[in-house]
Amino acid sequence: MTRFWQETDAHLLERLRLHGPTFARDALVVGASFVLAIYLRYFPNPIPRDQLGPFFSALPIIVFAYVLVIYLFGVHRRLWQYAGVRDVRALVEATVVATLGVFIADAALYSLNLTRTVGRPVPLAAVIVGGVFSLSALAAARLWPRFLHPRSQPDDGWARFLIVGAGQGGNVVAADLLANPQWRQLPIGFLDDDLSKRRGRIHNVPVLGTIDRLPEIAAMQEVDVIGVAIPSASTKE
């Protein structure tokens with residue numbers, strides 16, 4: 001039993017070491033979002049004094065609820081530098097669940113006459129607005145590096161990379177190249193026989209034509225590297 005608790009404590013400490021700063025940041029973000037929400041609820045008038053006490057008493061519970069739900073949804077384990085639709089959806093779902101939980105708890109406590117002597121801890125409108133602000137701020141905290149630090153512009157030392165196949169495999173290759181500028185390989189286009197993808201873009205990289213035009217397009221685009229991203233293609237092909 002002692003060994004079990006030692007291993008459990010070690011596991012928790014490792015989790016805190018890895019994700020503690022993220023949990024702390026999320027707590028600050030959610031707290032600030034709800035403070036802003038209740039401020040706007042009464043703006044331009046000041047927040048009533050009899051509202052301040054219940055609100056700030058409930059705020060740590062609200063913050064804990066959000067951080068706990070985000071943890072249970074595994075949002076903290078995701079690598080946001082490679083974020084996709086599924087990652088954003090997980091964050092949205094976690095925030096919606098936390099907001100609904102706070103909303104229901106707030107309404108239930110008031111309806112059961114547990115808080116009427118001091119008023120509702122958080123106005124229901126502020127709960128909704130606080131949830132929206134929290135979602136926006138939590139997403140911004142995770143995605144801001146992708147917007148504030150755009151991908152490095154290539155110079156003459158970058159290899160021009162042509163991707164054969166504009167399916168899932170090509171999408172992964174392009175994403176990896178764009179996310180790792182230290183490789184110094186610039187995806188300049190895709191080739192694919194699916195005509196519905198003609199002139200389309202994946203990660204803002206254009207589909208230049210069909211595969212049978214490979215020699216022509218490679219010469220025209222001064223391609224240095226050709227990568228085949230068609231899982232079903234044989235070695236001969």
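See the structure shown above.
Residues numbered from 1 in each chain as written. Predicted model: local features only at pLDDT ≥ 70, side-chain atom pairs only at ≥ 80, totals over all residues. Heavy atoms only, no water.

Attention shifts here to the overall build of the chain. Counting secondary structure elements, the chain contains 6 helices and 5 strands. The secondary structure elements of the chain, listed N-terminal to C-terminal, are α-α-α-α-β-α-β-β-β-α-β. Taking all 237 residues of the chain together, 34% fall into the buried category. In the form shown here, the chain has an accessible surface area of approximately 15000 Å², with 62% of it arising from carbon and sulfur atoms. (Helix = DSSP H or I, 4+ residues; strand = E, 2+ residues; numbered from the N terminus. Buried < 20%, exposed > 50% of the residue type's maximum accessible area, 1.4 Å probe, protein only. Areas by Shrake-Rupley, 256 points an atom, 1.4 Å probe, with all protein chains shown as cover.)

Before going further, it helps to spend a moment on the side chain of Asn180. Within the secondary structure, Asn180 sits in the loop between α5 (168-179) and β2 (185-191). Engagement of the side chain of Asn180 in a polar contact is seen with the backbone oxygen of Asp176, the distance being 2.8 Å. (Polar contact = N/O pair within 3.5 Å; in protein donor to acceptor, adjacent residues only side chain to side chain.)

The next subject is the sheet that holds strand β4 (residues 205-209). With mixed pairing, 5 strands are arranged side by side in an open sheet as β3-β4-β2-β1-β5. The open sheet is flanked by β3 (201-202) and β5 (225-228), the only strands paired with a single partner. Looking at chain direction, β3 and β4 are connected through 2 bridges and run antiparallel. By the bridge assignment, Arg201 is partnered in β4 with Pro206. Its contacts with the sheet place α5 against β1 (159-164), β2, β3 and β4, and it is angled at close to 160° to β2. (Pairing = 2+ DSSP bridges. Contact = heavy atoms within 4.5 Å. Axes fitted to C-alpha atoms, helices over the stretch in contact; angles between N-to-C directions.)

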